[in-house]
Amino acid sequence: MIDPRTIRTVFMGTPEFALATFQGLLDFGLDVVAVYTQPDRPSGRGRKLTPPPVKVLAEARGIPVFQPAKLRAPEVVEELRKLAPELIVVVAYGQILPKSVLEIPRHGCINVHASLLPRYRGAAPINKAIVDGETETGITTMLMDAGLDTGEMLIKMETPIGPFETAGELHGRLALLGRAAIEETLRRLCAGTLRPQPQDDALSCYAPMLKKEDGRIDWSRSALEIHNQVRGLDPWPGAYTLLDGEVLKIARTAPEEEGRGSPGEVLSTGPDGVRVACGTGVLRIGELQLPGKKRLSAADFLRGRPLVAGLRLEP
């Protein structure tokens, strides 16, 4: 049995998603000797230099913070080696760990990944699972290797995806599940019962980093497919169509079977939403947003920008 207080640990993470796991490590009692996170970035209208959420928590807990631009730089690797970590835990850090780093800790580098590996390896597993219409996802902890999310799996925890759940909503739930998964991983590590399992590459699929263009709607697709696209890209980059040449973002959709029209044609409007014909079925849109404006309910949007039946939204 290993006392967690004796495990010198380095945590690597950057965004809000990583906070729950980071807090879990501290509450578990690990000896967190340092935190590695991305450099401060300009943010907001004033482009003020803003620290990542993980840095803010680390400094509040009095833990040394390192923010190298390139983790693989020889002097950065040497600095990390001098910290003598026995374990490195990684959550949404934003940099690839080179072999020289992976070889440092005797307990390995453990990654908390937001999918049920080997499915949805890559940068955007939460979004892609929803876009693909999956009804279940989860968290996998794994021992990192030189590949992209290809290391041996340690713990899996599953959760259903609601039919109207957005990526933003699922993101928050998976962050908490990530904490639970790393805590179970650490319990087994300390007890000597952790049993790594290899991934079956034949079952893998890839979730690449999102681009704004991924949000463009093709109205010839089915209402269900577009609905999944909309919620899978909410809040970023957002799904959009064109209204009189302007980008129109849409959200809070629901697929319906009844109704016929040409793809992209507005069939009806009302307080309950804007109904648009698709290649198959009809999409009811509950919220809309024009450039520079706030996202509004359909009822509020229509008061300022009426949409008439027969209008065509451009793909």
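Preceding this paragraph is the structure being described.
All figures in this text were calculated on a predicted structure; none of them were measured in a lab. (Residues numbered from 1 in each chain as written. Predicted model: local features only at pLDDT ≥ 70, side-chain atom pairs only at ≥ 80, totals over all residues. Heavy atoms only, no water.)

A.B. asks: Please set out the overall build of the protein residue by residue, giving values where relevant.
C.D. replies: From N to C terminus, the protein includes eight helices and 17 strands. Its C-alpha atoms give the protein principal-axis dimensions of roughly 70 × 45 × 30 Å. Counting only residues that meet the buried cut, the protein has 49% of its 315 residues in that class. The long-range share in the protein, meaning contacts at least 24 apart out of those at least 6 apart in sequence, stands at 67%. In the form shown here, the protein has an accessible surface area of approximately 15200 Å², with 53% of it arising from carbon and sulfur atoms. Positive and negative charge centroids in the protein, built from 39 and 39 side chains respectively, lie 4 Å apart. (Helix = DSSP H or I, 4+ residues; strand = E, 2+ residues; numbered from the N terminus. Buried < 20%, exposed > 50% of the residue type's maximum accessible area, 1.4 Å probe, protein only. Contact = heavy atoms within 4.5 Å. Areas by Shrake-Rupley, 256 points an atom, 1.4 Å probe, with all protein chains shown as cover. Lys, Arg positive; Asp, Glu negative; His and termini not counted. Charge placed at Lys NZ, Arg CZ, Asp CG, Glu CD.)

A.B. asks: Hey, could you go over helix H2 (residues 53-60) for me, with residue numbers and the actual values?
C.D. replies: Residue pairs three or four apart in sequence face the same way in an α-helix, which turns once every 3.6 residues. Of the residues making up H2, those classed as buried are Val 54, Lys 55, Leu 57 and Ala 58. Each buried residue of H2 sits inside an arc of 165 degrees when the element is viewed along its axis, so together they form one side. Check the buried side of H2 and you find it contacts strand E1 (8-13), helix H1 (19-28), strand E2 (31-36) and strand E5 (65-66). Where H2 ends, the next residue or the one after it, Gly 62, has phi of about 75 degrees, a positive value. (Arc of directions from axis to C-beta.)

A.B. asks: Give a detailed account of the side chain of Thr 253, specifying residues and quantitative values.
C.D. replies: Of note, Thr 253 is situated in strand E13 (residues 246-256). A distance of 2.8 Å separates polar atoms of two side chains, one belonging to Thr 253 and the other to His 227. Thr 253 has contacts with Phe 164, His 227, Val 230, Leu 283, Arg 284 and Ile 285, leaving out every residue within four places of it along the chain. (Polar contact = N/O pair within 3.5 Å; in protein donor to acceptor, adjacent residues only side chain to side chain.)

A.B. asks: Can you break down the nonpolar core residue by residue, with the values?
C.D. replies: Ranked by internal contacts, the top residues of the largest apolar core, which has 40 residues, are Phe 11 and Phe 22. Those elements that provide at least two residues to this core are H1, E2, H2, strand E6 (87-91), strand E7 (109-113), helix H5 (125-131) and helix H6 (167-191). Considering each element in turn, this core owes the most residues, ten residues, to H6. When near neighbours in sequence (up to four residues on either side) are disregarded, Phe 22 contacts Phe 11, Val 32, Val 35, Val 54, Leu 57, Ala 58 and Ile 63. (Core = buried A, V, L, I, M, F, W, Y, C linked by side-chain atoms within 4.5 Å.)

A.B. asks: Give a description of the packing of aromatic side chains that names residues and reports values.
C.D. replies: For the coordinates displayed, the defined rule picks out two aromatic pairs. Seen in terms of ring centroids, Phe 11 and Phe 22 are 4.8 Å apart; in terms of plane orientation they differ by 5 degrees. Their pairing is stacked. With Phe 11 in strand E1 and Phe 22 in helix H1, this pair connects stretches of sequence that are eleven residues apart. Comparing Phe 11 with Phe 22, the two get one shared label, buried. Between the aromatic rings of Tyr 36 and Phe 66, the centroid separation amounts to 5.0 Å while the plane-to-plane angle is 15 degrees, which identifies the pairing as stacked. (Phe/Tyr/Trp six-rings, centres within 6.5 Å; stacked < 30°, edge-to-face > 60°.)

A.B. asks: An account of the pattern of salt bridges is requested, with residue identities and associated values reported.
C.D. replies: In the structure shown here, the tally under the stated rule is 23 salt bridges. Across the pair Arg 179 and Asp 27 runs a salt bridge whose closest N-O atoms are separated by 2.8 Å. Placement of Arg 179 in helix H6 and of Asp 27 in helix H1 is noted, with a sequence separation of 152 residues between them. Classification of Arg 179 as partly exposed rests on a relative accessible area of 24%. When the shortest N-O distance is used, the salt bridge between Arg 284 and Glu 256 registers 2.8 Å. Of this pair, Arg 284 sits in strand E16 (residues 282-289) while Glu 256 sits in strand E13, and the two are 28 residues apart along the sequence. Connected via shared salt-bridge partners are Asp 27, Arg 179 and Glu 183. (Salt bridge = Lys/Arg side-chain N within 4 Å of Asp/Glu carboxyl O.)

A.B. asks: Explain the sheet that holds strand E9 (residues 136-143) residue by residue, including any values.
C.D. replies: Spatially, seven strands are ordered E5-E2-E1-E6-E7-E9-E10 in an open sheet, and the strand pairing comes out mixed. Pairing within the sheet leaves two strands with one partner each, and these edge strands are E5 and strand E10 (153-160). For E2 and E5, the ladder comprises two bridges, and the chain directions are parallel. Note on E5: the bridge partner recorded for Tyr 36 is Phe 66. Relative to the sheet, H1 contacts E1, E2, E6 and E7, its axis offset from that of E2 by approximately 155 degrees. Its contacts with the sheet place H6 against E6, E7, E9 and E10, and it is angled at close to 145 degrees to E10. (Pairing = 2+ DSSP bridges. Axes fitted to C-alpha atoms, helices over the stretch in contact; angles between N-to-C directions.)

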